[in-house]
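Summary of the model geometry
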Amino acid sequence: MTEKPIILGIETSCDETAVSLIQDSNSGIPKILSNIVSSQFDIHTEFGGVVPELAARSHVEKIDLIAKKAIKESEVNLDKVSAIAATAGPGLIVCLTVGLSFGKALASSLDIPFIGVNHLEGHALSPKLHSKLEYPYLLLLISGGHSQYLSVNGLGDYKRLGTTIDDALGEAFDKIAKLLGIEFPGGPKLEKFAKKGDSHKFELPKPIINKGGCNLSFAGLKTAILRITQKIKTEQEKFDLAASFQKTIEEILYIKTKVAFEEFRKINSQDKSSFVVAGGVAANKGIREILIKVSKENNFDPIFPDLKLCGDNAAMIAMVGLEKFKAKKFDSLDLPANPRLPLDENAKFLKGAGVKI
Ligand code: KG4
Ligand code: ZN
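Read on for a plain summary of the structure. In every chain, residue numbers begin from 1 and rise along the written sequence. By the order in which they are written, chains take letters starting at A while ligands take numbers starting at 1. It should be noted that, the model being predicted, local features are given only for residues of pLDDT at least 70 and side-chain atom pairs only at 80 or more, the latter also being counted only at that level, while totals for whole chains, interfaces and linings use all residues. Each side-chain value is derived from all of the structure's non-hydrogen atoms; neither hydrogens nor water enter the calculation.

Right, let's get into the site of ligand 1. Proximity criterion: a residue is near a molecule or strand once any of its heavy atoms comes within 4 Å of it. As a structural note, the neighbourhood of ligand 1 is formed by 18 residues, with Gly144, Asp174, Glu191, Gly280 and Asn284 the closest of them. A 3.5 Å cut-off defines polar contacts: any pair of N or O atoms within that distance qualifies, except that in protein one atom must be a possible hydrogen donor and the other a possible acceptor, and neighbouring residues in sequence count only when both atoms are side-chain atoms. Contacts to ligand 1 include Gly170, whose backbone N or O atom sits 3.1 Å from an oxygen atom. Taking Gly187, its main chain carries an N or O atom lying 3.3 Å from an oxygen atom of ligand 1. The Shrake-Rupley method, run with a 1.4 Å probe, gives the accessible areas here. Residue values count only the displayed protein chains as cover. Coverage of ligand 1 by the protein amounts to 83% of the 550 Å² it exposes when considered alone. Counting from the N terminus, the helices are DSSP H or I runs at least four residues long and the strands are E runs at least two residues long. Residue assignment for the shell around ligand 1 shows that the elements contributing at least two residues are α4 (119-125), α5 (169-179) and α6 (186-194). When residues are assigned to domains, the shell around ligand 1 turns out to be shared by domain 1 (6-130 + 309-326) and domain 2 (137-304), each giving three or more. As annotated, the domain borders come from an automatic or database domain assignment.

Given below as structure tokens:
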């Protein structure tokens, strides 16, 4: 019996240094042999956000150690690894370069294929590490840098249905957390903060809610919250504002997801499809609940990555690496890091202010 391929994945696009080994299996769901993630929260907290140079320096200091740890935990001999997959973009160029160079050097020294991976594709395929998932499926990608609805038609085959025209949802969570005095990284803490408040206390705007298809917008919400924070005085009012923000986001996603379902059905004919919600913000419980509700009402099967696979990790990079390995899609060792690597060819024309809504 031939041994199933083993992929070593590397992720260093932002502030997590991560290495993972996974192995294909007969069930179609790969086995995670190890999945080591080292976060840099403590380094960036005092600056209120990720400082690229400090992040890159920390990756350089840690990548070797994290790789050794992941290999040891997997109990795999390096000569059994079939290919190396590393994030090539999008992300911070100084950070991407660390993991990419490390991955290329490893692939070259082991004389095995090297595979560059789109970080967003990693999030998109992350549920395949624990669930069977058939193409095509609808994807909502909500992370610190991206908020998009995409029809995932196959490996590397994406059609974008909608995107944010200003801030990403994770970015909105982080900025609003900062306004409320919550320390970096604010998103997950804001969710806990909101639990102590009354979500009906503040009426917040829902930008472009009835126009622009399933495009999203969060900047107006941030401005409204900034104005309110200048007036409020008590801690309880802060909790109420956080709760009102969380509820407003849930309402926006409920409505926009319904539109995305309609758009997905215009291009895909099957009765029941999967709806995958991925990226760091997919860890938010309230968002999960509302998206499960709207999926059930509209005959979609909601799928979320396991909580430990929502944030940045290298198992998702290895997952894409495995699919590309099986499809023999390898890259050359001069593949550059691309901080703006898009998922679909239209992406670069849609990002930012020029979007028609
Ligand atoms: O996917 P990710 O780990 O990194 C990027 O590729 O961006 O996403 C990080 C983002 C951050 O903005 C973080 O605040 C947000 O996800 N996030 C959350 C929660 N957990 C992480 N936002 C809201 N609620 C959460 N529970
Ligand atoms: Zn990410």
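With that settled, the discussion passes to the nonpolar core. Counting residues in hydrophobic clusters, the biggest one holds 48 residues, and the most contacted among them are Leu169, Leu190, Phe245, Ile249, Leu253, Ile287 and Leu291. Elements represented by at least two residues in this core include exactly β6 (137-142), α5, α6, α7 (219-229), α8 (235-267), β9 (273-278) and α9 (285-297). The element best represented in this core is α8, accounting for 12 residues. Note on contacts: a residue pair is in contact if any heavy atoms of the two residues lie within 4.5 Å. Apart from residues no more than four positions distant in its own chain, Leu253 is found in contact with Leu140, Tyr149, Leu169, Leu216, Ile287 and Leu291. Nonpolar cores were defined as sets of buried Ala, Val, Leu, Ile, Met, Phe, Trp, Tyr and Cys residues, with membership established by side-chain atoms within 4.5 Å. The cut-offs for exposure are 20% and 50% of the maximum accessible area for each residue type, with area from a 1.4 Å probe on protein chains only; residues under the lower value are buried, those over the upper are exposed, and the others partly exposed. Ala124, Leu133, Val276 and Leu343 belong to the second-largest nonpolar core, a separate cluster that totals 30 residues.

Here the zinc ion (ligand 2) is held by the protein donor atoms His119 (NE2), His123 (NE2) and Asp312 (OD), which lie 2.1 Å from it. The rule for donors is simple: N, O or S, within 2.8 Å of the metal, or within 3.2 Å if the metal is Na, K or Ca. Water isn't counted, so a site may look like it is missing partners. When the donors of the zinc ion (ligand 2) are listed by position in the chain, the intervening gaps give H-x3-H-x188-D. Placement of His119 in helix α4 and of Asp312 in the loop between α10 (307-310) and α11 (315-326) is noted, with a sequence separation of 193 residues between them. Like Asp312, His119 is buried.

Attention now moves to the sheet that holds β9. Here, strands pair whenever DSSP counts at least two bridges between them. Read across the sheet, 5 strands follow the order β8-β7-β6-β9-β10 without closing on themselves; strand pairing throughout is mixed. In this open sheet, the two strands that pair with only one neighbour each are β8 (157-163) and β10 (300-303). Between one strand axis and the next, the sheet turns through 25 degrees on average, direction left out of account. Two strands pair when backbone bridges link them, and strand β7 (residues 147-154) and β8 are joined in this way by 6 bridges, in the antiparallel orientation. By the bridge assignment, Gly154 is partnered in β8 with Asp157. Packing against the sheet, α8 makes contact with β6, β7, β8, β9 and β10, and its axis sits at approximately 25 degrees to β7. All axes are obtained by fitting lines to C-alpha atoms, using only the stretch in contact for helices, and the reported angles, taken between N-to-C directions, cover 0 to 180 degrees.

Turning next to unusual backbone geometry. Note that the residue after Gly89, namely Pro90, is joined by a cis bond; omega there is -10 degrees. Here Pro90 is to be found in the loop between β4 (83-89) and α3 (93-110). The omega angle of the peptide bond from Tyr135 to Pro136 is -10 degrees, so this bond is cis rather than trans. Residue placement: Pro136 occurs in the loop between α4 and β6. Phi is positive for Glu75, close to 60 degrees, though the residue is something other than glycine. Even without being glycine, Asp111 reaches a positive phi, approximately 60 degrees. Mapped onto the secondary structure, Asp111 falls in the loop between α3 and β5 (114-118).

As a further point, take the side chain of Ser147. Here Ser147 lies in strand β7. A distance of 2.7 Å separates a polar side-chain atom of Ser147 from the backbone nitrogen of Leu169. Excluding residues within four positions of it along the chain, Ser147 makes contact with Leu141, Ile142, Gly162, Thr163, Thr164, Ala168, Leu169, Leu216 and Phe218.

Distances and angles like these do not, on their own, reveal function.
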